[in-house]
Amino acid sequence: MADRGSFHLGYEIDPKTGKPGADEVVVGSSDLTTHGVVVGMTGSGKTGLAVVLLEEALLSGIPVLVLDPKGDMANLALVFPDLAPESFRPWVSEAEAQAAGVSVDEYAAKQATIWREGLASNGIGPERLQALKDAADVTIYTPGSTAGVPLNVVGSLQAPPLSWDTDAEALRDEMGRHADQLEIVNRCARALSSSLELGEAFHRFVQEVRSALPFDRLALVLADGGRARVIADAGLGEEEPQHSEWMRPVSETVLGELLRDGTTIVNDDMAESPRYPEELEIAGLGLRSRVAAPLSLAGRTLGAISVSRVDPAAFTRDEVHLVTLLGRQVATAIENMRAFEAERAAGEELRRLSALRAASLPDVGSVIAQIEASLVNRGQNR
Ligand SMILES: Nc1ncnc2c1ncn2[C@@H]1O[C@H](COP(=O)(O)OP(=O)(O)OP(=O)(O)O)[C@@H](O)[C@H]1O
Ligand SMILES: [Mg+2]
């Protein structure tokens, strides 16, 4: 067995037999100070090699942080030095036992034997397993879920009660998170400015927002001559024209409150406690929670961005903040689109008017031709 700090990865394959020979493959931990990549086709043993590397690191007293989006590394925590059937019993799959045509107990016993013999043939006995178990306390964090230790990755954007003198690192983290949010908002605003055509720009905007802030319905609402008008929406209700063209007196909608107070409004459950008639209709689409933030430009509120989800109380404080930032950033793009729309409408009106004028003033050539024709006719008839 290799020394502490040397990673024992297995034995070299004898090319003649295709079986492991007697020569150990050992990598010194001092050779693994930067980055490494395990590459191979599927089923070739990448995860197996990574698990061995991590176990060897733990045995060497090196702390290990595993980020595991696929979910097959938590098995690292299953180490049973006794290799007893009853240790395996809670972890074996009932479906696999059934497929093998044996009871779960028998299946667990079989697994214990396979592992005991497999490990022994690699020179690994109970004492090494015990050493691995003793080497580390395992904590499984599950961001966004309470299956393990829950973890709020995004964290809060409230000004932290910390001082640069003692908590510089934490403050830098906080600033990093804030910068990430601004970057997202910037991307979304750029998407909305990418075209002056509302449909096209909104489509790109929705894609950007969705990648950073999952939602079930998103709508942009403008205050238009005392009415709240949905100018674009995506998600639930999008296909139904009555939802896409909601027009209500501003005072009866959340927009009235936004125009008055200018602060973001959250309703954690529109089905339980609807505060406006429109919230009842949105709840009717199966949506429960909503964040509505003002679209504000130079201190003036033009309208609202409204983001809803089917779950009640589904928005974190960070997400509410993100919607608020979006409302501030996208107002300019919307104002530009409105100006373009007004200009285009004015241009069309101008073209229509000149066409009308041309039609009512027949051109001189055809007038002369008509006069000529009538003169000729008269001449002939004479
Ligand atoms: N060195 C090895 N010797 C013998 N069998 C191995 C070895 N490494 C892995 N295996 C076996 O090969 C199978 C696939 O291994 P593994 O899951 O590590 O592959 P992978 O490359 O991670 O696959 P995927 O691309 O699907 O994630 C497993 O049954 C594993 O037990
Ligand atoms: Mg794998």
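Located above this text is the structure these notes cover.
Note that the coordinates shown come from a computational prediction; the quantities given were computed from them, not determined experimentally. Every chain is numbered on its own, with residues counted from 1 as its sequence reads. Working convention: letters from A go to chains and numbers from 1 go to ligands, in the order in which they are written. Per-residue local features are limited, in this predicted model, to residues with pLDDT of at least 70; the limit for side-chain atom pairs, both in listing and counting, is 80 or more; totals at the level of whole chains, interfaces and linings are taken over all residues. Hydrogens are left out, water is left out, and the side-chain values use all remaining heavy atoms of the structure.

## Digging into the overall build of the protein chain
And step 1. Numbering of helices and strands starts at the N terminus; helices are DSSP runs of H or I of at least 4 residues and strands are runs of E of at least 2. Looking only at helices and strands, the protein chain has 12 helices and 10 strands in total.
And step 2. Whether a residue is buried, partly exposed or exposed follows from its accessible area with a 1.4 Å probe, protein chains only, as a fraction of its type maximum: under 20%, in between, or over 50%, in that order. Buried residues in the protein chain amount to 31% of all 382 residues.
And step 3. For this analysis, residues touch if any pair of their heavy atoms sits within 4.5 Å. Sequence separation of 24 or more characterises 49% of the internal contacts of the protein chain that already satisfy a separation of 6 or more.
And step 4. Reported accessibility uses the Shrake-Rupley method at a 1.4 Å probe radius. Residues are deemed covered only where the shown protein chains occlude them. Roughly 23600 Å² of accessible area belongs to the protein chain as shown, and the carbon and sulfur atoms make up 55% of that amount.

## Digging into helix H7 (residues 198-212)
And step 1. The span you would expect from a helix comes to 1.5 Å times its residue count less one. For H7, which comprises 15 residues, the first-to-last C-alpha distance of 21 Å matches the rise-based estimate of 21 Å (1.5 Å per residue) to within 8%.
And step 2. Residues of H7 that are buried include every one of Ala201, Phe202, Phe205, Val206 and Val209, and no others. Along H7, the residues classed as buried sweep out an arc of 140° about the axis, all on the same side. By definition, the arc is the one covered by directions from the helix axis to the C-beta atoms.

## Some remarks on the sheet that holds strand E10 (residues 300-309)
And step 1. On the basis of which strands lie adjacent, the open sheet formed by 6 strands has the order E7-E6-E5-E10-E9-E8 and antiparallel pairing. In the strand order of this sheet, the two ends are held by strand E7 (247-249) and strand E8 (265-267), each with one partner. Recorded for the sheet is a direction-independent mean angle of 25° between the axes of neighbouring strands.
And step 2. Two strands qualify as a pair provided DSSP detects at least 2 bridges between them. In this sheet, E10 lies alongside strand E5 (residues 217-224) in antiparallel orientation, the contact comprising 6 bridges. The partner of Leu222 across the bridge, within E10, is Gly303. For helices, the axis comes from a line fit to the C-alpha atoms of the stretch in contact; other axes are also lines fit to C-alpha atoms, and the angle between any two N-to-C directions lies between 0 and 180 degrees.

## A closer look at the nonpolar core
And step 1. Only buried Ala, Val, Leu, Ile, Met, Phe, Trp, Tyr and Cys residues count toward a nonpolar core, and they belong to the same one when joined by side-chain atoms within 4.5 Å. Membership of the largest hydrophobic core comes to 36 residues, with the highest contact counts inside it found for Phe205 and Ile305.
And step 2. No other element matches the 10 residues that helix H11 (residues 317-360) contributes to this core.
And step 3. Once residues within four sequence positions are removed from consideration, Ile305 is found in contact with Phe205, Ala219, Leu220, Val291, Ala292, Ala293, Leu295, Val323, Leu326 and Gly327.
And step 4. If you look at the next biggest cluster of nonpolar residues, it comprises 16 residues, including Ala97, Tyr107, Leu119 and Leu132.

## A word on the site of ligand 1
And step 1. Surrounding ligand 1, one finds Met41, Thr42, Gly43, Ser44, Gly45, Lys46, Thr47, Gly48 and Lys70.
And step 2. The side chain of Thr47 places a nitrogen or oxygen atom 2.7 Å from an oxygen atom of ligand 1.
And step 3. Coverage of ligand 1 by the protein amounts to 41% of the 640 Å² it exposes when considered alone. Any residue with a non-hydrogen atom lying within 4 Å of a molecule or strand is treated as near it. Whenever two N or O atoms come within 3.5 Å, that pair is a polar contact, provided that in protein one can donate a hydrogen and the other can accept it, and provided that, for residues adjacent in sequence, both atoms are side-chain atoms.

## Focus: the packing of helix H1 (residues 46-59) against helix H5 (residues 126-135)
And step 1. The interhelical angle for the contact between H1 and H5, taken along N-to-C directions, is 75°, at an axis separation of 8 Å. Here H1 lies roughly perpendicular to H5, going by the angle between them. Touching Glu55, Glu56, Leu58 and Leu59 of H1 are Arg128, Ala131, Leu132 and Ala135, all from H5.
And step 2. The class makeup of the residues in the contact of H1 with H5 is 5 nonpolar, no polar and 3 charged. Orientation is classified from the angle alone, with under 35 degrees giving roughly parallel, over 145 giving roughly antiparallel, 65 to 115 giving roughly perpendicular, and any other angle giving oblique. Three classes are used, and their members are as follows: Ala, Val, Leu, Ile, Met, Phe, Trp, Tyr, Cys and Pro are nonpolar, Asp, Glu, Lys and Arg are charged, and the others, Gly among them, are polar.

## Description of the pattern of salt bridges
And step 1. Salt bridges are counted wherever a side-chain nitrogen of Lys or Arg sits within 4 Å of a carboxyl oxygen of Asp or Glu. Counted by the stated rule, this structure contains 14 salt bridges.
And step 2. The salt bridge partner of Asp269 is Arg288, with a shortest N-O separation of 2.7 Å. Of this pair, Asp269 sits in the loop between E8 and helix H10 (277-284) while Arg288 sits in the loop between H10 and strand E9 (289-297), and the two are 19 residues apart along the sequence.
And step 3. Look at Asp269 and you get buried, because its relative accessible area is 12%.
And step 4. You can call Arg288 partly exposed: its relative accessible area is 28%.
And step 5. Here the residues in one salt-bridge network are Glu278, Glu279 and Arg290, joined through shared partners.

## A few points about the pairing of E10
And step 1. Judged by how many residues are buried, E10 sits mostly within the fold: 9 of 10 residues are covered.
And step 2. Bridging between E9 and E10 involves 9 bridges; their strand directions are antiparallel. In the sheet register, Leu297 faces E10, and the bridge partner there is Arg300.
And step 3. Where E9 folds back on E10, the antiparallel hairpin that results is connected by 2 residues, among which Ala298 adopts a positive phi of roughly 50°.

## Here we look at unusual backbone geometry
And step 1. A positive phi angle is found at Leu83, which is not glycine, with a value near 50°.
And step 2. Within the fold, Leu83 resides in the loop between H1 and helix H2 (85-88).
And step 3. The exposure class of Leu83 is buried, given its relative accessible area of 6%.

## What about the packing of helix H6 (residues 164-193) against H7?
And step 1. Contact geometry of H6 with H7 gives a least axis separation of 7 Å together with a crossing angle of 165°. Relative to H7, H6 is oriented roughly antiparallel. Between H6 and H7 lies a crossing of right-handed hand. Of the residues in H7, those in contact with Ile184, Arg187, Cys188, Ala191 and Leu192 of H6 are Ala201, Phe202, Arg204, Phe205, Glu208, Val209, Ser211 and Ala212.
And step 2. Its residues placed into classes, the contact of H6 with H7 shows 9 nonpolar, 1 polar and 3 charged. If you view the pair so one helix is near and one far, a crossing is left-handed when the near helix is turned anticlockwise from the far one by less than a right angle, and right-handed when it is turned clockwise.

Purely spatial values, then, with no claim about function.
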